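Tertiary structure, described
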Amino acid sequence: MKKSIVYLGVALVAFANVSFASNLKSFSNDKSIVEYYDGTTPLIVAISKGDIDIVKKFIEYGADVNEKSNGMTPLMIAARYNKVEIIKILISKGARLNEKDENGYTALKYAEISNATEAIQILKQS
C-alpha cells in the first residue's frame, strides 16, 4: 500500500511538471526574450517584483522599455505598483509617458487608479 501511494505521488508530480512546461512559450523569431505562459515578459515580472537590478540588466541586454505585455507598457506596470525608482529608470531609457492602452489609460492614469502618490508626482514632473 505504501509503494502505491509513493508511485501515485511521483506520477502526480511528473504530470504537474509536464503540464506546466507545456504552457510555457519558447523563443519566437521576432523577439529576443522569452515570454511566460501568461504573456508577460521577464521585464514586466521584474518590475512587478520591484527588482531594480534585474530591470537594469534586462534593459542593458536590449529589452524594449515600450513593448506592451498584456496591453500594458513597463511604465504602466511600474506606475500601477508605485515603483518610483523603476519609473525613473524607464523614463531615462526612453519610455513614452503618453502611451495609452486599449482603454485609453496612460501610466499616470494607472498611478491615479492605484493611488500611487509617489508615482503620480514623478510622472507629472516628467
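One structure accompanies this document, and this report is about it. (Residues numbered from 1 in each chain as written. Predicted model: local features only at pLDDT ≥ 70, side-chain atom pairs only at ≥ 80, totals over all residues. Heavy atoms only, no water.)

**Here's the deal with the packing of aromatic side chains**
Geometrically, a pair of aromatic rings is defined through the distance of the ring centres and the angle of the planes. Under the defined criterion, the tally for this structure stands at 1 aromatic pair. Relative to Tyr-110, the ring of Tyr-105 has its centre 5.7 Å away and its plane inclined at 80°; by these criteria the two rings are edge-to-face. Accessibility expressed as a relative area gives 30% for Tyr-105, which makes it partly exposed. Its end group placed over the ring of Tyr-105, Lys-109 keeps NZ or CZ at 5.9 Å from the ring centre. (Phe/Tyr/Trp six-rings, centres within 6.5 Å; stacked < 30°, edge-to-face > 60°. Buried < 20%, exposed > 50% of the residue type's maximum accessible area, 1.4 Å probe, protein only. Lys NZ or Arg CZ within 6 Å of the ring centre and 35° of its normal.)

**Regarding unusual backbone geometry**
Positive phi values are uncommon outside glycine, yet Asn-70 reaches one of about 55°. As for its placement among the helices and strands, Asn-70 is situated in the loop between α3 (52–60) and α4 (74–80). For Asn-115, which is not a glycine, the phi torsion comes out positive at approximately 55°. Note on placement: Asn-115 falls in the loop between α6 (107–113) and α7 (117–125). Of the residues examined, Asn-115 reaches a relative accessible area of 60% and is grouped as exposed. (Helix = DSSP H or I, 4+ residues; strand = E, 2+ residues; numbered from the N terminus.)

**Overview of the environment of Asn-98**
The residue Asn-98 is located in the loop between α5 (84–92) and α6 in this model. Assessed through its relative accessible area of 67%, Asn-98 is described here as exposed. A sequence separation of 10 residues divides Asn-98 from Leu-108, and the C-alpha atoms of the two residues are 8.5 Å apart.

**Here we look at the environment of Lys-56**
Structurally, the position occupied by Lys-56 is in helix α3. On the basis of relative accessible area, Lys-56 is assigned to the partly exposed category, the value being 44%.

**Comments concerning the environment of Ser-114**
Residue position: Ser-114 is located in the loop between α6 and α7. Sequence-wise, Ser-114 and Ala-79 are 35 residues apart; in three dimensions their C-alpha atoms are separated by 8.3 Å.

**Looking at the pattern of salt bridges**
Tallied over the full model, the rule gives 4 salt bridges. For Lys-68, the salt bridge is made with Glu-99, and the minimal N-O distance between the two is 3.7 Å. Taken as a pair, Lys-68 in the loop between α3 and α4 and Glu-99 in the loop between α5 and α6 lie far apart in primary sequence, 31 residues in all. For Lys-68, a relative accessible area of 35% corresponds to the partly exposed category. Among the salt bridges present, the one from Glu-99 reaches Arg-96, with a minimum N-O distance of 2.8 Å. Residue classification places Arg-96 among the partly exposed residues on the basis of a relative accessible area of 45%. (Salt bridge = Lys/Arg side-chain N within 4 Å of Asp/Glu carboxyl O.)

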